[in-house]
Amino acid sequence: MMFSDSSSGVPFAKDPAVVRFGDRYLLYYSRPPLTGSDGWSIGIAESTDLDEWTIIGEIPISQHCERNGICAPGAIVLDGRVHVFYQTYGNGADDAICHAVSDDGTTFTKDPSNPVVSPTGDWNNGRAIDADLLAWDGRLFLYFATRDPRGVEQLQGVATAPLTSDFGRDAWTQACQAPILAPELDWERQCIEAAATCEHDGRLYLFYAGGYNNEPQQIGCAISDDGISWTRLFDRPFLSNGEPGSWNSSESGHPYVFVDDDGDGRTHLFFQGNNDDGRTWYLSRVEVGWEDGLPRLVEVEPAER
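Quick summary incoming for the structure in this document. Note that the coordinates shown come from a computational prediction; the quantities given were computed from them, not determined experimentally.

**Remarks on the environment of Ala145**
Reasoning step 1: With respect to the element layout, Ala145 can be found in strand β10 (residues 139-147).
Reasoning step 2: Through-space distance from the C-alpha of Ala145 to that of Gly263 is 33 Å; in sequence the pair is 118 residues apart.
Reasoning step 3: If sequence neighbours within four positions are ignored, Ala145 has contacts with Arg127, Ala128, Ile129, Asp130, Gln154, Leu155, Gln156, Ile192 and Glu193.

**A short note on the side chain of Gln174**
Reasoning step 1: Mapping Gln174 onto the fold places it in strand β12 (residues 173-174).
Reasoning step 2: At 2.8 Å, the side chain of Gln174 and the backbone nitrogen of Thr120 are in polar contact.
Reasoning step 3: Engagement of the side chain of Gln174 in a polar contact is seen with the backbone oxygen of Cys176, the distance being 2.9 Å.
Reasoning step 4: Residue contacts for Gln174: discarding those within four places in its chain leaves Ser118, Pro119, Thr120, Trp123, Val158 and Ala159.

**Describing the sheet that holds strand β2 (residues 24-31)**
Reasoning step 1: Within the open sheet, the four strands sit side by side as β1-β2-β3-β4. Their pairing is antiparallel. Whereas interior strands pair on both sides, the edge strands pair on one side only; in this sheet they are β1 (14-21) and β4 (54-59). In this sheet, adjacent strand axes meet at a mean angle of 25° when their direction is disregarded.
Reasoning step 2: Here seven bridges tie β2 to strand β3 (residues 41-47), and the two strands are oriented antiparallel to one another. The residue of β3 that forms the bridge with Leu26 is Glu46.

**Notes on unusual backbone geometry**
Reasoning step 1: Along the chain, Asn114 connects to Pro115 via a cis peptide bond; the corresponding omega equals -5°.
Reasoning step 2: Within the secondary structure layout, Pro115 lies in the loop between β8 (108-110) and β9 (129-136).
Reasoning step 3: Pro216 follows Glu215 through a cis peptide bond whose omega is 15°.
Reasoning step 4: Turning to its location among the elements, Pro216 is positioned in the loop between β14 (203-210) and β15 (218-224).
Reasoning step 5: Of note, Asp130 is a non-glycine position whose phi angle comes to about 60°, a positive value.
Reasoning step 6: Within the secondary structure layout, Asp130 lies in strand β9.

**As for the environment of Ser6**
Reasoning step 1: On the secondary structure map, Ser6 appears in the segment before β1.
Reasoning step 2: For Ser6, a relative accessible area of 47% puts it in the partly exposed group.
Reasoning step 3: Put simply, Ser6 and Trp281 are 275 residues apart on the chain and 10.0 Å apart in space, counted from C-alpha to C-alpha.

**Some details on empty space enclosed by the protein**
Reasoning step 1: Under the counting rule described, the total for this entry stands at one cavity of 30 Å³ or more.
Reasoning step 2: If you add up the space inside the largest cavity, you get close to 50 Å³.
Reasoning step 3: Taken together, Pro16, Pro73, Gly74, Asp130, Ala131, Asp132, Ala194, Ala195, His254, Pro255 and Tyr256 form the lining of the largest cavity.
Reasoning step 4: Those elements that place two or more of their residues in the lining of the largest cavity are β5 (70-78), β9, β13 (192-200) and β17 (251-259).

**What about the pattern of salt bridges?**
For side chains bearing opposite charge, pairing can occur when the charged atoms are close.
Reasoning step 1: Here the structure, examined in full by the defined rule, presents 15 salt bridges.
Reasoning step 2: A salt bridge links Arg139 to Asp137; the shortest N-O distance between them is 3.9 Å.
Reasoning step 3: Here Arg203 ties to Asp225 by a salt bridge, and the two come within 2.8 Å at their closest N and O atoms. Residue Arg203 is found in strand β14, and its partner Asp225 is found in the loop between β15 and β16 (231-232); the two are separated by 22 residues along the sequence.
Reasoning step 4: Judged by its relative accessible area of 33%, Arg203 is partly exposed.
Reasoning step 5: Accessibility expressed as a relative area gives 52% for Asp225, which makes it exposed.
Reasoning step 6: The network of salt bridges with common partners includes Asp5, Arg31 and Glu58.

Reading the values: the criteria
- Residues numbered from 1 in each chain as written.
- Predicted model: local features only at pLDDT ≥ 70, side-chain atom pairs only at ≥ 80, totals over all residues.
- Heavy atoms only, no water.
- Helix = DSSP H or I, 4+ residues; strand = E, 2+ residues; numbered from the N terminus.
- Contact = heavy atoms within 4.5 Å.
- Polar contact = N/O pair within 3.5 Å; in protein donor to acceptor, adjacent residues only side chain to side chain.
- Pairing = 2+ DSSP bridges.
- Axes fitted to C-alpha atoms, helices over the stretch in contact; angles between N-to-C directions.
- Buried < 20%, exposed > 50% of the residue type's maximum accessible area, 1.4 Å probe, protein only.
- 1 Å grid on protein atoms, 1.4 Å probe; cavity = no way out; pocket = protein on both sides within 12 Å on 5 of 7 lines; lining within 4 Å.
- Points joined across faces, edges and corners; volume = space filled by probe spheres on them.
- Salt bridge = Lys/Arg side-chain N within 4 Å of Asp/Glu carboxyl O.

That's the geometry; what it means functionally is another story.
Here is the structure:
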């Protein structure tokens, strides 16, 4: 799989989120401002095989808090409806997480209380970006990235809401009073972001991006039994950037994990990459297998641009 969106004039698609909805897959992703547009927006593509994708629409900017743009979606299907959580863009420490819901996966109604989640506490600067969702133990876990009070280190936090709620602003409770993950390893540099969570055999796994864009950003993995306390599984990246000359030599970043409900229950790890320090961006995926409770890459197929 190699997907990008050239609507802005260059191939550019970041921050993937994938769901199965009926007989098709839907991909939500960030795309840069188009000619005459107000800012970053969220594109929508569809597929029947997870490999070939057709662009079918976008989630437009429509609320005052979105006036500078929206991006970095997370998506989940609950009770036959698609919920997308996404960040505002271009507001520095004031960026926060918003919520929209759809009956068809393409036309969304936005929460009038947006933004619905931003962190509090002296360990962060109030910013929330990079939403990811996990339905677990009667609650919806919303993972987000924030920064330390200096705005230097990117950290990971989490909030929860009852699955029976409307997921509006009043439904959420911050579930941590400190980062649930912070950069510690050399390859993570000063950034942990883009949580991508799933459940396997009763335990929770969180794939994450370490390092800011193109440092290179690479993907790690942690494990948890409660969705709040996490332990790294590996000291090295689970998925590294590519070798010089490959399509993702600048980074393999911003993961999204998708467990298919097609009967096989296969796990797919979507991610973004490029080989030109971010002038273009492509989305791809690899399959994740499981051995003795540990994830492993089933295959990584090289692609030529």
